[in-house]
Amino acid sequence: MVREVAESCVDSLLTEMVASYCNRFYANKPELAARRIEAIGYQVGHQLSERYTMERPRFSDHLEAIKFICKDFWTELFKKQIDNLKTNHRGTFVLQDNKFPWLERISIDPSTDKVNSAEDDSFTTAENKAASTISMHLYYPCGIIRGALSNLGITCAVTADISNLPACSFVVRVKA
Amino acid sequence: MAPVAPRSGDAIFANIERVNAELFTLTYGAIVRQLLTDLEEVEEVNKQLEQMGYNIGIRLIDEFLAKSNVSRCVDFRETADVIAKVGFKMFLGVTASVSNWDAEGTCCSIILEDNPLVDFVELPDTCQGLYYCNMLSGVIRGALEMVSMKTEVTWIRDVLRGDDVFELQVKLLKQVPEEYPYKDDE
């Protein structure tokens, strides 16, 4: 039987990890915090894909490996598959999850909303804050995907696009 | 009659959203590893893990109270029992036991035989002095502080250090009387 824990354990751990790196360890260096969070994801992705591919033959090409991430790997983590996969057949893959679970429960610190008195300003500040908080949370899953693919022999860069929330697209660019 | 508090978290665990524990275990491990790289000192890693746990505990207590249906504990003995039997079960899916009470009933040990945090974990020699699961002690301290109990939580035994079980000593330092932020007659 597969061992399980409460979903809130993972949620709490991820929230606290991101908060610790962004607000305490590297409070004024967001790019360093981002790199550390991505590195944690990379390690987890690397280990998970090692485990999930133990009983499988090698993947014949990049597309096969990416499909494995979209189907089996995603299902192990989120109990569902990636909803849409696109590729330009030149090394770029876009994996879209229509409702990415890890973005569902992020709340933004309200204390930052009331700092500015000018209405327009405070709105932009709050927006920016929200956007940067969300992007900090995305370094972790990007790292997981990059780590998982690296374990399958694919060197790549992974970024996330959240212009269509709650949908989230992960863009994988394979390095030649 | 008041509803009887559940004596075990089995039913709650069966009904809440659960996820594959591997992700949790490996994420925790990767965090510890990254902290060791970034903070360098093992002592500092212990401290930061505890702090992170504390921050989690002060939030997790709300979910615990909302989902467990546990009513007010009559004394610290009952509190410890609820943590071991209900708390550990509903979040980590394992049951702990309570023992080694002192005469005053303010200090006891929570014993954990099965611990999902340490699946796949082996500590290298360079990590002597690391309390790998120190986040757990922070969670307990944080959660109890939110229900007016100041505690001190220390590791007595640790499987990663060669012991047969995990043993966490929970010591009640003081019980803070509840202060309401409002007056009744207003």
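These figures come from a predicted structure and were not determined experimentally. (Residues numbered from 1 in each chain as written. Chains lettered and ligands numbered in written order. Predicted model: local features only at pLDDT ≥ 70, side-chain atom pairs only at ≥ 80, totals over all residues. Heavy atoms only, no water.)

(A) Layout of the environment of B:Met135. Mapped onto the elements of the fold, B:Met135 is located in helix α5 (residues 134-146). A relative accessible area of 5% means that B:Met135 is categorised as buried. (Helix = DSSP H or I, 4+ residues; strand = E, 2+ residues; numbered from the N terminus. Buried < 20%, exposed > 50% of the residue type's maximum accessible area, 1.4 Å probe, protein only.)

(B) Highlighting the pairing of strand β4 (residues 156-161) of chain A. In this sheet, strand β5 (residues 168-174) of chain A lies alongside β4(A) in antiparallel orientation, the contact comprising six bridges. Bridge assignment links A:Thr159 to a residue of β5(A), and that residue is A:Val171. (Pairing = 2+ DSSP bridges.)

(C) Representation of the sheet that holds strand β5 (residues 166-175) of chain B within the structure. Residues and elements named next belong to chain B. Spatially, four strands are ordered β2-β3-β5-β4 in an open sheet, and the strand pairing comes out antiparallel. Two strands bound the open sheet, and with one partner strand each, they are β2 (97-99) and β4 (149-157). Sheet twist, expressed as the mean angle between neighbouring strand axes with direction ignored, is 30°. Examined bridge by bridge, β2 and strand β3 (residues 107-112) share three bridges and lie antiparallel to one another. Note on β3: the bridge partner recorded for Ser-97 is Ile-111. Taken strand by strand, helix α4 (residues 76-92) contacts β2, β3, β4 and β5, and its axis lies near 15° from that of β3. (Axes fitted to C-alpha atoms, helices over the stretch in contact; angles between N-to-C directions. Contact = heavy atoms within 4.5 Å.)

(D) How the structure looks around the packing of aromatic side chains. For the structure shown, the criterion picks out 16 aromatic pairs over all chains. Here the aromatic rings of A:Tyr21 and A:Phe25 are separated by 5.0 Å at their centres, their planes lie at 85°, and the arrangement is edge-to-face. Of this pair, A:Tyr21 and A:Phe25 both sit in helix α1 (residues 7-25), separated by four residues, roughly a single helical turn. Judged by its relative accessible area of 18%, A:Phe25 falls in the buried class. Ring centres of A:Phe78 and A:Phe100 lie 5.4 Å apart, and the angle between their planes is 70°; this geometry places the pair in the edge-to-face category. Separated by 22 residues along the polypeptide, A:Phe78 in helix α3 (residues 62-78) and A:Phe100 in the loop between β3 (92-97) and α4 (119-151) bring together distant segments of the chain. Looking at A:Phe78, the relative accessible area reads 12%, which means it is buried. A residue is classified by how much of its surface remains accessible, and A:Phe100, at 1% relative accessible area, is buried. Put simply, the rings of A:Trp74, A:Phe78, A:Phe100, A:Trp102, A:Tyr140 and A:Phe170 touch in pairs and so form one group of aromatic residues. Sitting over the ring of B:Phe13, B:Arg18 keeps its end group 5.6 Å from the ring centre. (Phe/Tyr/Trp six-rings, centres within 6.5 Å; stacked < 30°, edge-to-face > 60°. Lys NZ or Arg CZ within 6 Å of the ring centre and 35° of its normal.)

(E) Seen up close, the sheet that holds β3(A). Residue and element names in this part refer to chain A. With antiparallel pairing, four strands are arranged side by side in an open sheet as β2-β3-β5-β4. For this open sheet the edge positions go to β2 (84-87) and β4, each flanked by a neighbour on one side alone. Taking each pair of neighbouring strands and ignoring which way they run, the sheet shows an average axis angle of 20°. Where β2 meets β3, four bridges bridge the pair, whose relative direction is antiparallel. Note that in β3 the partner of Thr-87 across the bridge is Phe-93. Sitting on the sheet, α3 is in contact with β2, β3 and β5, with an inclination near 15° to β3.

(F) Up close: the pairing of β3(B). The buried count for β3(B) comes to six of six residues, which makes it a mostly enclosed element. The two faces of β3(B) match: B:Cys107, B:Ser109 and B:Ile111 on one face and B:Cys108, B:Ile110 and B:Leu112 on the other face are all buried.

Worth remembering: the numbers are spatial, not functional.
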